[in-house]
Amino acid sequence: MLILAQDGGFEATLRNALEPLLTPVGMIGLLLGGAFLLWVAFSRHGAFVGGVVILLFLTMMVQENKYFDNTLITPLEQIRALGKTITFATLIAVTANLFMRPNVSGRFALSLPIILLFLFETMYLARIVANGETIRGGFGWIGVLFILLSFGIGYSRLVRTSEDLDRGIRMFAWASAAFICLNLMQLALGPRQAIAGDRFAGISANPQLAGFVSAVFILCNAHLFGRAPLASWSRWLHGVQIGILSVLVVWTGSRMSALCCVASLLMYYRFRLGTFSILLASAGVVFLMFVTLFGDSLVGVSRFVEGENTRRDIWLKLIADFQSAPFFGVMNQSSEEIGASESTYLTTLSLMGISGAIPLSFFVLATTWQFIGMLRARRSGRVEPTQVDFAMGQFVILAIGTVFEGFLLGILSFAVVWVYFVLSFSTALVDDGRVLTERDSFDGEEDEACDGDLGYAETIDADPLEQPRIDDAGAVGEHHACSTRDR
């Protein structure tokens, strides 16, 4: 995945952004875009909508390939050409919005894994600058900084209750709905440009990216499916999305994505087989409908078990590069543009040698400790078990994905934004149980934070099916919680 720039380098990205603005329609679009950015920066719901826009645009990528024409239908192609620029501007507006709000979480949002990831990426970008790619490395670092400030810190500052955590996951669910709609639009109006060598690429231009994005979205929708009331329309909407996304994973033929999807769902549902069966029933119906509608849907299934080892030669080359320059890597020995190959760890050894592997190793150790911390948080009973399971499922995707893809070496990419969000989400869970569940009570007066933008204080009547709660004074009765229902 290229850093900040799409295929062709930073100059190509800048040219793609400026050329459409030189037309009358482009000027109108610039004015509307400016108004949208102001709304994102100052509106109560701007951070949520802006987050959805960022996630959606990062699922789109331009990739030149002599064997495959991924020129999308005209509206989508024009949008994709501006994708990185819109993402960068929206990221700044979202960051401004988040830091104009008070820190209602009561916690220090940064965690050791987040700090170590940022330091590793800073080191990587510094090496890129030293390689002569000053503009690319400089803008890349600015992009990483704003991702850290928004998805790594900003959203976490607004988390007070478990419902606030679910609100962050809903950003991914809304982005997945838009991702599905745009892909179906492309399939309907330009199917040949959505298929790369008998593998689905869609608006992502790359089957691996399309499959990985679908795997992440599937787990997000699965979590919200289980959290929604049984008769809620949103529950079944999440089920439909899971069914369609599962078909997309099969179409991509991405074994890494399929492994991420299966392993993360097994981690998430390991204690809730009943809920898992309901999910399979609802999503399975949609899956079978699409498979029936598209007769060639299962043609590529054999690739999952019979496909050749496409990474062997690449990995052997990365190992050979490391052996040729074990301490500092081959990054500054070539005039070619630096990119990430199909393994975060081997690519790091190849490009930066042991000097890059050391900070990356510290990050891996810190995330492993974070995973252990989530297990402890689940046993403590102070957090929602399903949210811990969700974070652990995402950690499984991270563990698998970094082995097979250079995720941590991309900068303004879907994978990096997702990693910062997952680390921030898990930090909120393990932070001494300060994230209140829906049934937690407050001692003394209600927290003033509950009267802010995130939610409102409400009184919850005791559930007649539960044992009555007894407060410190021994009184039995109603209790208070901080809710963040969408209004």
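Residues numbered from 1 in each chain as written. Predicted model: local features only at pLDDT ≥ 70, side-chain atom pairs only at ≥ 80, totals over all residues. Heavy atoms only, no water.

1. Some words on the overall build of the chain
On a plain count of helices and strands, the chain comes out with 17 helices and 4 strands. Within the chain, contacts between residues separated by at least 24 positions form 80% of all contacts whose residues are at least 6 apart in sequence. For the chain, the accessible area works out to roughly 21,800 Å², and carbon and sulfur atoms hold 65% of it. (Helix = DSSP H or I, 4+ residues; strand = E, 2+ residues; numbered from the N terminus. Contact = heavy atoms within 4.5 Å. Areas by Shrake-Rupley, 256 points an atom, 1.4 Å probe, with all protein chains shown as cover.)

2. Regarding the packing of helix α8 (residues 162-189) against helix α10 (residues 233-252)
Taken N-terminus to C-terminus, the directions of α8 and α10 make an angle of 55°; their axes are 11 Å apart at the nearest point. Relative to α10, α8 is oriented oblique. Crossing of α8 over α10 shows left-handed handedness. Facing Ala173, Ser176, Ala177, Phe179, Ile180 and Leu187 of α8, the residues of α10 in contact are His238, Gln241, Ile244, Leu245, Leu248 and Trp251. When the residues that make up the contact of α8 with α10 are grouped by side-chain class, the tally is 9 nonpolar, 3 polar and no charged. (Axes fitted to C-alpha atoms, helices over the stretch in contact; angles between N-to-C directions. Parallel < 35°, antiparallel > 145°, perpendicular 65-115°, else oblique. Left-handed = near helix turned anticlockwise from the far one by under 90°. Nonpolar A, V, L, I, M, F, W, Y, C, P; charged D, E, K, R; others polar.)

3. Side note on a nonpolar patch on the surface
On the surface, a nonpolar cluster with roughly 650 Å² of combined accessible area is contributed by Phe327, Phe328, Ile354, Ile358, Phe362 and Leu365. With respect to the helices and strands, Leu365 occurs in helix α15 (residues 344-380). (Patch = residues over 30% accessible without salt bridge, like charges linked within 9 Å, V, L, I, M, F, W, Y side chains within 5 Å. Salt bridge = Lys/Arg side-chain N within 4 Å of Asp/Glu carboxyl O.)

4. Section: unusual backbone geometry
For Ala205, which is not glycine, the phi torsion reads 65° and is therefore positive. As for its position among the elements, Ala205 is in the loop between β2 (199-200) and α9 (207-227). Owing to a relative accessible area of 3%, Ala205 belongs among the buried residues under this scheme. (Buried < 20%, exposed > 50% of the residue type's maximum accessible area, 1.4 Å probe, protein only.)

5. Considerations on the side chain of Ser214
With respect to the element layout, Ser214 can be found in helix α9. With a relative accessible area of 1%, Ser214 lands in the buried category. With residues near it in sequence (within four places) discarded, Ser214 still touches Phe179, Leu245, Leu248 and Val249.

6. Description of the side chain of Thr402
Mapping Thr402 onto the fold places it in helix α16 (residues 385-404). Owing to a relative accessible area of 1%, Thr402 belongs among the buried residues under this scheme. Those residues in contact with Thr402 that lie beyond four places of it in its chain are Ser343, Thr344, Tyr345, Phe407 and Leu408.

7. What to know about the pattern of salt bridges
Enumeration over the complete set of coordinates arrives at 12 salt bridges. The salt bridge involving Glu133 is made with Arg136; its shortest N-O contact spans 2.7 Å. Take Glu133: its relative accessible area is 14%, and that puts it in the buried class. For Arg170, the salt bridge goes to Glu163, with nearest N and O atoms at 2.7 Å. The same class applies to Arg170 and to Glu163, which are both buried. What emerges from the salt-bridge pattern is a single network uniting Arg270, Arg272, Arg378 and Asp389.

8. Some points on the packing of helix α2 (residues 24-42) against helix α5 (residues 83-99)
Where α2 meets α5, the axes come as close as 7 Å, and the angle between the chain directions of the two elements is 30°. Between α2 and α5, the angle is such that the two are roughly parallel. As α2 runs across α5, the sense of the crossing is right-handed. Residues Phe36, Leu37, Val40, Ala41 and Phe42 of α2 form the contact with α5, whose own contacting residues are Ala89, Thr90, Ala93, Val94, Ala96 and Asn97. Looking at the contact of α2 with α5 residue by residue, the class counts come to 9 nonpolar, 2 polar and no charged.

9. Quick word on the confidence of the model for the chain
Summarising the model, the chain shows a mean pLDDT of 81, and 79% of its residues fall at 70 or more. Averaged pLDDT values over the elements of the chain bottom out at 32 in strand β3 (residues 456-460) and peak at 96 in helix α3 (residues 46-57). Here residues 1-8 is a poorly scored stretch, pLDDT under 50, and it has 36 contacts once near neighbours within four places are set aside; other chains count. Overall, residues 441-487 carries pLDDT values under 50, and its contacts beyond four positions in sequence, including any with other chains, amount to 85 contacts. (pLDDT = per-residue confidence, 0-100.)

10. Some remarks on α16
Relative to the 28 Å expected for 20 residues at 1.5 Å per residue, α16 spans 29 Å between its end C-alpha atoms, a close match to the ideal helical length. The buried fraction of α16 amounts to 16 of the 20 residues, a majority that puts the element mostly inside the structure. (Expected span 1.5 Å × (residues − 1).)

11. Some details on the packing of aromatic side chains
Enumeration according to the criterion identifies 19 aromatic pairs in this entry. Taking the centre distance of 4.8 Å and the plane angle of 20° together, the rings of Tyr269 and Phe276 count as stacked. Across this residue pair, the class does not change: Tyr269 and Phe276 are buried. When the ring of Phe421 is compared with that of Phe425, the centres are 6.0 Å apart and the planes differ by 45°; the resulting orientation is tilted. (Phe/Tyr/Trp six-rings, centres within 6.5 Å; stacked < 30°, edge-to-face > 60°.)

12. A few points about the environment of Asp431
Locating Asp431 in the fold gives a position in the loop between α17 (414-430) and β3. Asp431 sits 320 residues away from Ser111 along the chain, and the two C-alpha atoms are 9.3 Å apart.

13. Comments concerning the environment of Cys260
Relative to the helices and strands, Cys260 is located in helix α11 (residues 255-268). Of the residues examined, Cys260 reaches a relative accessible area of 1% and is grouped as buried. Separated by 133 residues in the primary sequence, Cys260 and Gly393 have C-alpha atoms spaced 9.0 Å apart.

14. As for the environment of Ser150
If you trace the backbone, Ser150 turns up in helix α7 (residues 134-157). Along the primary structure Ser150 and Leu91 are separated by 59 residues, whereas in three dimensions their C-alpha atoms are 7.5 Å apart. Aside from chain neighbours lying at most four places away, what touches Ser150 is Leu91, Val94, Thr95, Leu98 and Tyr155.

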